[in-house]
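# Fold and contact review
So the chains spell out like this:
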Amino acid sequence: MMKKVVKFSKKSVKYTLAIVNWLIYSIVVGGTTVPVNATFSNIWYFFSILLFIYIIFVSYYRNVNYKTMVLFAVVMGVICIVTYTSQYIPLLAWGLMIFAVRDIECDFIVSVYFKTFIVLGILIPLMAVTGLISNTVMDTVDKTGKRYAYGFTHPNVLGVVLLVIVICWCYLHWKSIKLYHIAIINLISYGMMQITDSSSSFICIAFISVIALLERWFDKKSKLNMWYFGIIVLLIFCPTISYYFMVKYTPSNPFMVAIDLFTTGRIRTMNAFFVKYGVKMLGSPIIFDTEKRSLLLFALDNSYGYILIRFGIIVSLFYFMGLFKVIKCAIQIRDTRIIICVLTFLVYGLFENYFFKPQFNFTLLFIFANYYGNSNKLHVKKREISKS
């Protein structure tokens, strides 16, 4: 059984500040209806970048590792280029953020995410209910009802905020989850689905909460091997099936039309973006046309299609190689929590484009944790692992 190793020290203050600052900035500026002055937003973003650079500089200066320095130079060099070619400014901060967390235990990262999302998940809807900010209201896909975002820019953002809270809670309470916990979580999730009509979040919440409850049954060597095999298969399957439908979709194929209907049009829109922009090594800028919806260029929800079309082949490989490394480390230390969390985000990425955004997918912050010369993979000390 793996014990928690969350620790707080003076050293951890700068990491907490950097993570919390970026979470608040990215979600408030990019995901809520809170009015933020453009100039202030730019200053805030610049401050976030400088904070990440400062942490990286201090960490590297204290423990110089030339292999890591070369890796950092190559990866960030490509990311800088793709940030320019894709015209997607947050990408630069994401790369720096992933490199900046070298001294943080996984449990500590998840704990910071959990507390921050709890605050945002309560504060933003409260501001919307009291009229301090606007409440976005949309029609459901079938036009038979309404969807409410309660202060967020889209109902799906509210859905993913709840999903992240649940994933973090399950991670932090992995060995002590009871049946009544799962009942309460899924009742809240179902109620949220009635408000947001975000079924993908509801499905993923049900999945991870039930798996967390049954974890003791799976915590056997033979059962764990099944999960190890399953996560590797999903890491290959999810992007592969997405790219197949992205390229091969045709309205004359009944099977593909049925899959598209099941995913509420995500296949059609992904194919439309592929036809329009293609796939390049270093990505390209894309424009969302919300006026001419008949062109199907108004949304690109599949994460794998989004990464490949906007960020290009090289950055897509960075993502998958990094997650493979996380999975490999989790298997080595037999950490089922990490396996299931990554698996949940992989499935979620088929339906929503939050999978590749570190402000939601905290498992991306584990990517480079094993590159910094530590004998304890993912900053989870081997001595903290005891037999169940």
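Residues numbered from 1 in each chain as written. Predicted model: local features only at pLDDT ≥ 70, side-chain atom pairs only at ≥ 80, totals over all residues. Heavy atoms only, no water.

## So, unusual backbone geometry
- Positive phi outside glycine occurs at Gln-87, with the angle close to 55°.
- Looking at the element boundaries, Gln-87 is found in the loop between α3 (66-86) and α4 (90-100).
- Exposure remark for Gln-87: the relative accessible area of 56% places this residue in the exposed category.
- For Tyr-150, which is not a glycine, the phi torsion comes out positive at approximately 45°. (Helix = DSSP H or I, 4+ residues; strand = E, 2+ residues; numbered from the N terminus. Buried < 20%, exposed > 50% of the residue type's maximum accessible area, 1.4 Å probe, protein only.)

## Details of the packing of aromatic side chains
- Inspection of every chain in the model, using the stated rule, returns 33 aromatic pairs.
- Summarising the aromatic geometry, the rings of Tyr-113 and Phe-117 are spaced 6.1 Å apart at their centres and angled 10° between planes, so their arrangement reads as stacked. Of this pair, Tyr-113 and Phe-117 both sit in helix α5 (residues 106-129), four residues apart, which is roughly one turn of the helix.
- Seen from their ring centres, Phe-273 and Tyr-277 are 6.1 Å apart, and the 20° between their planes marks the pair as stacked. Taken as a pair, Phe-273 and Tyr-277 lie in helix α12 (residues 266-277) at a separation of four residues, close to a single helical turn. There is no split in this pair, since Phe-273 and Tyr-277 are both buried.
- In this structure, Arg-337 packs its charged tip against the face of Tyr-171, placed 4.1 Å from the ring centre. (Phe/Tyr/Trp six-rings, centres within 6.5 Å; stacked < 30°, edge-to-face > 60°. Lys NZ or Arg CZ within 6 Å of the ring centre and 35° of its normal.)

## Overview of a nonpolar patch on the surface
- A surface patch of nonpolar side chains, about 440 Å² in accessible area, is lined by Val-279, Met-281, Ile-313, Leu-317 and Met-321.
- Within the secondary structure, Met-321 sits in helix α13 (residues 303-332). (Patch = residues over 30% accessible without salt bridge, like charges linked within 9 Å, V, L, I, M, F, W, Y side chains within 5 Å. Areas by Shrake-Rupley, 256 points an atom, 1.4 Å probe, with all protein chains shown as cover. Salt bridge = Lys/Arg side-chain N within 4 Å of Asp/Glu carboxyl O.)

## Examining the pattern of salt bridges
- Scanning the entire structure with this criterion turns up six salt bridges.
- Salt-bridge contacts for Arg-266 lead to Asp-301; the nearest nitrogen and oxygen are separated by 3.8 Å. You can see Arg-266 sitting in helix α12 and its partner Asp-301 sitting in the loop between α12 and α13, a full 35 residues away along the chain.
- Overall, Arg-266 belongs to the buried group, its relative accessible area being 12%.
- Residues Glu-352 and Arg-266 are paired through a salt bridge, measuring 2.8 Å at the closest nitrogen-oxygen approach. On the criterion of sequence distance, the pair formed by Glu-352 in the segment after α14 (336-348) and Arg-266 in helix α12 is long-range, its members being 86 residues apart. Across this residue pair, the class does not change: Glu-352 and Arg-266 are buried.
- Through salt bridges with shared partners, one network takes in Asp-107, Asp-335 and Arg-337.

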